Amino acid sequence: MIRFLFKGLLRDRSRSLLPILVVTAGVTLTVFLHCYITGVLGEMIEFSAKYTSGHVKVMTRAYAENKNQLPNDLALIEVNDLISNLQKDYPTIEFVQRINFGGLLDAPDEYGETKKQGIVGGIAVDLISENSKEIDRLNIRNSLVKGRIPEKPNEVLISDEFANKLEVDLGETVTLITSTMYGGMSIQNFVVAGTIEFGVQIMDRSGMIADISGIQNAMDMHDACGELLGFLDMANYDDITALNVENTFNEKYTDLNDEFSPVMTRLKNDSIMSGYFDYVDSFVGIIVTIFILAMSIVLWNTGLIGGLRRYGEIGVRLAIGEEKGHIYRSMIYEALLIGIVGSILGTLVGLGFSYWLQEVGINVGDIMKSSKMMMPNVFRANITTPAYYIGLIPGLFSITLGTMLSGIGIYKRKTAQLFKELET
Amino acid sequence: MEQSSIITIKELIKRFPVGKGEFTALNGINLAFNTGEFAGIVGPSGSGKTTLLNIIGSLDTATEGKAVVMGQSTGDLTTKGAAKLRRKHLGFIFQTYNLLPVYTVYENVEFPLLLLQMSDSERRKAINDALEWVGLTDKIKSRPAQLSGGECQRVAIARAMVKKPEIVLADEPTANLDAANSHNILKMMLKLNEELKTTFIFATHDDKVIKYLKRKISLEDGKVVKDEIIKIKGD
Ligand SMILES: Nc1ncnc2c1ncn2[C@@H]1O[C@H](COP(=O)(O)OP(=O)(O)O)[C@@H](O)[C@H]1O
Ligand SMILES: [Mg+2]
């Protein structure tokens, strides 16, 4: 019997092909959007991790409380000891030192007098050690507009826009005026080795990247740094792993009575991205719901039209002695079959598009003015496990719901009534 | 007499709600049919023929009175019970054939048997027999759209007859057919009536059908006005 009905389904294109196409299209979009959003947000999260928050981040408790003010007077001290302890405790995590600093950057003329001056916001990272991964991590090589990467502690990179504003060229000296860790005045000369474009407006206005040892020297921060960023060995941020690291670290190292004791926060809590995590989930939920509703309405209508076309068939089946419930159920089986076929096709197509986007990516750098910047300028999809099944939800739901809605009319009507409609 | 009746209709009234009021389509019908009859309900359009046939076929229910078919009072049946009665004992033939367009001739005839859960071999035999009765063994793979009206109605007859039901209800079966095809299918049904003792009840106002009837029940405004046994005439 079921085989008989499926045979009819296959032969009746308007009953099978059209709904399958609708389901396939909806599922394709659902899967693709899911991968796209996961990819784009993942990329932004990863960017934030690399730039400001790490997967986990260690600061002193006092620094953490005031971290918006770049309180380097509250920095971590005896950092090298701390790092070697951490390497024992977490051998798979890479810890790097970072100092965020602010001050004035002064461009002198040939007599040493101030030619131009501007407020600077800088980040100090390890640019010089042989095995440092920071240059790659921050995508510095690709962000260079002019010049080269610093090779000495007194060499810096500044944003290209800032360099133009200060009228400084490669190889010229700039003076950083800031305060030391102990509150004293710090005046230190640096050589501009290159200029870069960050792709983030505030940073392009006044950004600077310096070597960590040069800044430690300038700010009297020997064996000290504002933040230790930890990078876990994983392609995509996994909050459960990070949480576990955070908990064990804080258990061992944090002393609630000592505001200079280190404390760890993980990406999800620290980052400007934190809200996005929940956002991703609800966003996917919203998309799936929208597709279920939209596709259901479309399929409901095709179901209604199909149902009208099938009054003859239904009338005959009733007359021959098939039970109404049986007819209704068989229509739902048909719908499920269509839903499964459409979902599988849609998932395959959606994954195909996503795979392409994952491997090739859309280069927004070309669309935007320049591709030389630190922001991820290639938007990629990211195929995660849910992508393989998420399409089933709208795929199966919509067609089943659509069929149930359109079939209810048939089910509720009296046999005689259905039959009369058949006669006309 | 009444005990041997395959169908008994008693004081049957059918009213349809029309606007605020009611319309009485059948008004006090009393009829009995015996096994093997070849009877017709005859009357002008709107006289209530289809309504009566639908009530006998348990597709509709009476407002008052009762219709007992194969010993079962159709008014008391659940929808499932009514479906079972139709499935096992009744065959329908319609004016518009109502074949399933996506299925072949063979499959259209097969359909009623699928609901009866027969073995494959039994089913195959029954279908082939039925197609032989109506002379369509050479068209088993055709789709309804490829057949003429007469051929379609023959498929419909095969579909109604394939399970060898006790009763066949035929509502205006010749209305869409020309004279030659009308005679053809009536002869066919008459033959089946004689060979298988199937009870045939027609609703018709077509003289070509009336000619073949062995009993003619005249209906007017929902009332039986004449009920006559007809001596064999043939053509
Ligand atoms: N569902 C219905 N609602 C209202 N009136 C109906 C309904 N079905 C049939 N009728 C009316 O009952 C009368 C008999 O109809 P019907 O049995 O179809 O006549 P026939 O088959 O003899 O032409 C007609 O006047 C018709 O309009
Ligand atoms: Mg009629």
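Residues numbered from 1 in each chain as written. Chains lettered and ligands numbered in written order. Predicted model: local features only at pLDDT ≥ 70, side-chain atom pairs only at ≥ 80, totals over all residues. Heavy atoms only, no water.

A count of helical and extended segments in chain A gives 18 helices and 14 strands. By sequence separation, contacts in chain A at least 24 residues apart represent 76% of the contacts at least 6 residues apart. Element-wise, carbon and sulfur atoms account for 58% of the exposed surface of chain A, whose accessible area totals about 19,900 Å². Between the mean site of the 36 positive side-chain charges and the mean site of the 49 negative ones, chain A shows a separation of 18 Å. (Helix = DSSP H or I, 4+ residues; strand = E, 2+ residues; numbered from the N terminus. Contact = heavy atoms within 4.5 Å. Areas by Shrake-Rupley, 256 points an atom, 1.4 Å probe, with all protein chains shown as cover. Lys, Arg positive; Asp, Glu negative; His and termini not counted. Charge placed at Lys NZ, Arg CZ, Asp CG, Glu CD.)

Glancing now at the overall build of chain B. In terms of regular secondary structure, chain B is built from 7 helices and 10 strands. The C-alpha atoms of chain B give a radius of gyration of 18 Å, which matches the 18 Å a tight globule of 235 residues would have. Expressed as lengths along the three principal axes of its C-alpha atoms, the size of chain B is roughly 50 × 40 × 40 Å. Partitioning the contacts of chain B with sequence separation of at least 6, the portion at a separation of at least 24 is 70%. A total of about 10,500 Å² of accessible surface is found on chain B, and carbon and sulfur atoms cover 48% of it. Here chain B contributes 33 positive and 28 negative side-chain charges, whose respective centroids are spaced 3 Å apart. (Rg over C-alpha atoms; globule rule 2.2 N^0.38 Å.)

Surveying the vicinity of ligand 1 reveals 12 residues, the closest of which are Gly 46, Gly 48, Lys 49, Thr 50 and Thr 51 of chain B. Close to ligand 1, residues of chains A and B are found. Side-chain polar atom of Thr 51 of chain B to an oxygen atom of ligand 1: 2.5 Å apart, as the coordinates give it. Compared with its free state, where it exposes 560 Å², ligand 1 has 69% of that area covered by protein. Broken down by secondary-structure element, the contributors of at least two residues to the shell around ligand 1 are strand S2 (21-34) and helix H1 (49-56) of chain B. Along the lines of polarity and charge, the residues of the shell around ligand 1 split into 4 nonpolar, 6 polar and 2 charged. (Near = heavy atom within 4 Å. Polar contact = N/O pair within 3.5 Å; in protein donor to acceptor, adjacent residues only side chain to side chain. Nonpolar A, V, L, I, M, F, W, Y, C, P; charged D, E, K, R; others polar.)

Together, Glu 65, Asp 255, Asp 258 and Glu 259 of chain A make up a region of like negative charge exposed at the surface. With respect to the helices, strands and loops of the structure, Glu 259 of chain A is situated in the loop between helix H10 (239-253) and strand S12 (262-266). (Patch = residues over 30% accessible without salt bridge, like charges linked within 9 Å, V, L, I, M, F, W, Y side chains within 5 Å. Salt bridge = Lys/Arg side-chain N within 4 Å of Asp/Glu carboxyl O.)

Another point: the sheet that holds strand S5 (residues 72-73) of chain B. Residue and element names in this part refer to chain B. Reading across the sheet, the 4 strands line up as S2-S1-S4-S5 and stay open at both edges, with antiparallel pairing between neighbours. A single partner strand is all that each edge strand has here, and the edge strands are S2 and S5. As judged from the 11 bridges shared by strand S1 (residues 5-18) and S2, these two strands associate in the antiparallel manner. Paired with Val 18 across the strands is Gly 21, a residue of S2. Along the sheet, H1 contacts S1, S2 and strand S4 (64-69); its crossing angle with S1, the most-contacted strand, is approximately 125°. (Pairing = 2+ DSSP bridges. Axes fitted to C-alpha atoms, helices over the stretch in contact; angles between N-to-C directions.)

Now for the packing of helix H1 (residues 2-11) of chain A against helix H2 (residues 13-53) of chain A. Residue and element names in this part refer to chain A. Interaxial distance between H1 and H2 falls to 5 Å at its minimum, and their mutual angle equals 70°. Viewed along their axes, H1 and H2 adopt a mutual orientation that is roughly perpendicular. Here Gly 8, Leu 9, Leu 10 and Arg 11 of H1 lie close against H2, whose contacting residues are Arg 13, Arg 15 and Ser 16. Of the residues contributing to the contact of H1 with H2, the split by class is 2 nonpolar, 2 polar and 3 charged. (Parallel < 35°, antiparallel > 145°, perpendicular 65-115°, else oblique.)

Moving on, we come to the sheet that holds strand S6 (residues 90-93) of chain B. All names here are of chain B. Reading across from one edge, S6-S7-S8-S3-S9-S10 is the order of the 6 strands in this open sheet, with mixed pairing throughout. Two strands in the sheet have a free side with no partner beyond their single neighbour: S6 and strand S10 (223-229). Looking at each pair of strands side by side, their axes are set apart by 15° on average, direction ignored. As judged from the 5 bridges shared by strand S7 (residues 167-171) and strand S8 (residues 199-204), these two strands associate in the parallel manner.

Across its 13 residues, helix H5 (residues 149-161) of chain B extends 18 Å between first and last C-alpha, which sits within 8% of the 18 Å expected from 1.5 Å per residue. Buried within H5 of chain B we find Gly 150, Glu 151, Cys 152, Gln 153, Arg 154, Val 155, Ala 156, Ile 157, Ala 158, Arg 159, Ala 160 and Met 161 of chain B. (Expected span 1.5 Å × (residues − 1). Buried < 20%, exposed > 50% of the residue type's maximum accessible area, 1.4 Å probe, protein only.)

Counting 50 residues, the largest nonpolar core has Ile 99, Phe 101, Leu 105, Ile 158, Met 208, Ile 215 and Leu 228 of chain A as the members making the most contacts within it. The biggest single contributor to this core is strand S3 (residues 94-108) of chain A, with 5 residues. Grouped together as the second largest cluster of nonpolar side chains are 39 residues, Leu 99, Leu 147, Ile 157 and Phe 202 of chain B included. (Core = buried A, V, L, I, M, F, W, Y, C linked by side-chain atoms within 4.5 Å.)

The next subject is the pattern of salt bridges. Two side chains with opposite charge may pair up if their charged atoms get near one another. Residues and elements named next belong to chain A. Within this structure, the stated rule accounts for 31 salt bridges over all chains. The shortest N-O distance in the salt bridge between Lys 133 and Glu 94 comes to 3.5 Å. Here the residue Lys 133 occupies a position in the loop between strand S4 (114-125) and helix H5 (134-137), and Glu 94 occupies one in strand S3, the gap between them amounting to 39 residues. Its relative accessible area of 47% is what places Lys 133 among the partly exposed residues.

The domain architecture assigned to chain A consists of domain 1 (2-47 + 275-423) and domain 2 (56-231). Look at where the C-alpha atoms of domain 1 of chain A and domain 2 of chain A centre, and you get two points 51 Å apart. (Domains from an automatic or database assignment.)

Before going further, it helps to examine the environment of Arg 11 of chain A. Note on placement: Arg 11 of chain A falls in helix H1. Judged by relative accessible area, Arg 11 of chain A falls into the partly exposed class, the value being 27%. When the C-alpha positions of Arg 11 of chain A and Leu 304 of chain A are compared, they lie 19 Å apart, and in sequence the two are 293 residues distant. Residues in contact with Arg 11 of chain A, not counting those within four places in the same chain, are Val 102, Tyr 103, Thr 104, Glu 107 and Arg 143 of chain B. One polar contact links Arg 11 of chain A to Glu 107 of chain B, side chain to side chain, over a distance of 2.6 Å.

A separate point is the interface of chain A and chain B. Taken together, the 23 residues of chain A in the interface contact 26 residues of chain B. Summed over both sides, the interface between chain A and chain B buries roughly 2,400 Å², with carbon and sulfur atoms accounting for 63% of that surface. In terms of surface lost to chain B, no three residues of chain A exceed Phe 4, Arg 11 and Ile 320 of chain A, which account for 28% of the buried area on that side. Remark: the boundary between chain A and chain B carries 3 salt bridges. We note a salt bridge from Lys 7 of chain A to Glu 107 of chain B, for which the minimum N-O separation is 3.2 Å. (Buried area = accessible area lost by both parts, 1.4 Å probe.)

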